[in-house]
Amino acid sequence: MGARIAAVDYFLPDAVLTNEDLSREFPEWSVEKISAKTGVDRRHISGPDEFSSDLAIAAGRALFASHDIDPQSIDYLIVCTQSPDYYLPSTACIVQDALGLPTSAGATDITLGCSGYIYGLGLAKGLIESGQAKRILVITADTYTKFINPADKSVRTIFGDGAAATLVTDDGAADSITAITYGTDGAGAKSLIVPNGGLRQGAAIQPKSDAVVRELESSGYDLYMDGPDIFNFTLRVVPGTVDEILAKAGAELDDIDLFVFHQANAFMLEHLRKKLGVPADRFFVSLAESGNTVSSTIPIALADAERTGALKPGMRVMLLGFGVGLSWGGLVATW
């Protein structure tokens, strides 16, 4: 008994924030500078009345339609989000009902960001291989832009909203999701944080930078990111994690047909590619039209890679997520 990724699709909100829009707001940053710095041309922004459950439902429906999947065939739902509609109930319960999944299906949330897709696949694999489920829907959905201070160009240029849906099934024999590797360093929690909005009001963990330092008028619910900290963390953990994944898979770098990493920003991805020595044609980048959608960047990239022909059946692909938490995880999947 083994788990495999059977289908992937995604949904992006209609509203779009372009580099031209941002350059008009921040004249000191040209369109070319924003594009060169981030690799992002457009970001999709959730509407005032559009929340993570709405994006998750739309992604699920897109997957069902594009791959002719019967909602009643799903026996477990995992929703990964760090921007849930409510404290309670879980977003997964809302999505289960809206998608018409059977009431016999399990449904749960996990709250992870950039590594969340890997964790969702790992949990799905465990549920299948322990005999608890056979057809699992893993949905990632985030609306980080609702946390962003409008005057904070450092994060407005990067993040977009979106959701992705993945069907993970029991393929009967082959072990198609392998070499799962996880990592956590909670000492870096304040490097990427929304300090207010939960039950603890921002006193215990303060971000390294605050609104006063950045000369912003804070709403009290801003997303703070220490870019240099996140960059240094990524360079510190990713190469070793790649080595660990390869060792678990019994593979060499050249045995991997395609590398799909968390689409943080183009500068970071290119730095990692060169550091790892991966040829450009085997390192897939797909964030120009959607930006950094946090937990959804990897499945969005997978769907785009499949549609463009960069990802074909039988390929071995390495997936690796890293970021907020601090948290990371990776695996090798046979497509």
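Remember, it's a predicted structure, so these values are computed and weren't measured experimentally. Here the residue numbering is sequential within each chain, running from 1 through the sequence in written order. Where local features are concerned, this predicted model is filtered to residues with pLDDT of at least 70; where side-chain atom pairs are given and counted, the filter is 80 or more; whole-chain, interface and lining totals use all residues. Note: side-chain values were computed over all heavy atoms of the structure, leaving out hydrogens and water.

Caption draft 1: Structural detail: the overall build of the protein. Where helices and strands are cited, they refer to DSSP runs of H or I of at least four residues and of E of at least two residues respectively, numbered from the N terminus. The secondary structure content of the protein amounts to nine helices and 13 strands. Our radius of gyration looks at C-alpha atoms and nothing else; its globule reference is 2.2 Å times the residue count to the power 0.38. The C-alpha radius of gyration of the protein comes to 19 Å, within 12% of the 20 Å expected for a compact globule of 335 residues. Judged by the C-alpha coordinates and their principal axes, the protein covers about 55 × 45 × 35 Å. Working definition: with a 1.4 Å probe on protein chains only, accessible area under 20% of the residue-type maximum means buried, over 50% means exposed, and in between means partly exposed. Residues counted as buried form 56% of the 335 residues belonging to the protein. Contacts are assigned to residue pairs with any non-hydrogen atoms lying within 4.5 Å of each other. In the protein, 77% of the contacts between residues at least 6 apart in sequence involve partners at least 24 apart.

Caption draft 2: Region of interest: the sheet that holds strand E8 (residues 177–184). Across the sheet, four strands lie side by side as E8-E13-E12-E11; this open sheet has mixed pairing. Edge strands, defined here as strands with exactly one partner in the open sheet, are E8 and strand E11 (258–261). Across the sheet, the axes of successive neighbouring strands diverge by a mean angle of 10°, strand direction being ignored. DSSP calls a pair of strands paired once it identifies at least 2 bridges connecting them. Bridging between strand E12 (residues 316–323) and strand E13 (residues 327–334) involves eight bridges; their strand directions are antiparallel. Bridge pairing in E13 links Val317 to Ala333. Note on geometry: axes are C-alpha line fits, over the in-contact stretch for helices, and angles between N-to-C directions span 0 to 180 degrees. Set on the sheet, helix H5 (residues 116–129) makes contact with E8, E12 and E13; between it and E8 the angle comes to about 130°.

Caption draft 3: Region of the structure containing the pairing of strand E4 (residues 76–80). Judged by how many residues are buried, E4 sits mostly within the fold: four of five residues are covered. Where E4 and strand E5 (residues 106–110) come together, five bridges link them in parallel fashion. Its bridge partner being in E5, Leu77 is matched across the sheet by Ala107. Where the polypeptide runs from E4 across helix H4 (residues 91–99) and back to E5, its parallel neighbour, the crossover connection is right-handed. Two strands pair when backbone bridges link them, and E4 and strand E6 (residues 135–142) are joined in this way by five bridges, in the parallel orientation. When the bridges of E6 are listed, Cys80 appears paired with Thr140. A right-handed crossover is one whose linking path, passing over the helix from the first strand to the second, runs clockwise when the strands point away from the viewer.

Caption draft 4: Just the packing of helix H7 (residues 227–249) against helix H8 (residues 266–276), in detail. Two numbers describe how H7 lies on H8: the axes approach to 11 Å, and their chain directions differ by 35°. Crossing of H7 against H8: the hand is right-handed. Contacts between H7 and H8 involve Ile230, Phe231, Thr234, Leu235, Val238, Pro239 and Val242 on the former and, on the latter, Phe267, Met268, His271, Leu272, Lys275 and Leu276. The classification used treats Ala, Val, Leu, Ile, Met, Phe, Trp, Tyr, Cys and Pro as nonpolar, Asp, Glu, Lys and Arg as charged, and all other residues, Gly among them, as polar. Class assignment for the residues of the contact of H7 with H8 results in 10 nonpolar, two polar and one charged. Helix crossings get a hand from a simple test, with the near helix turned counterclockwise from the far one by less than a right angle marking a left-handed crossing and a clockwise turn marking a right-handed one.

Caption draft 5: Region of the structure containing the environment of Glu32. Along the polypeptide, Glu32 turns up in helix H2 (residues 31–38). Owing to a relative accessible area of 57%, Glu32 belongs among the exposed residues under this scheme. Each C-alpha atom, one on Glu32 and one on Glu20, is 9.4 Å from the other, the two residues being 12 residues apart in sequence.

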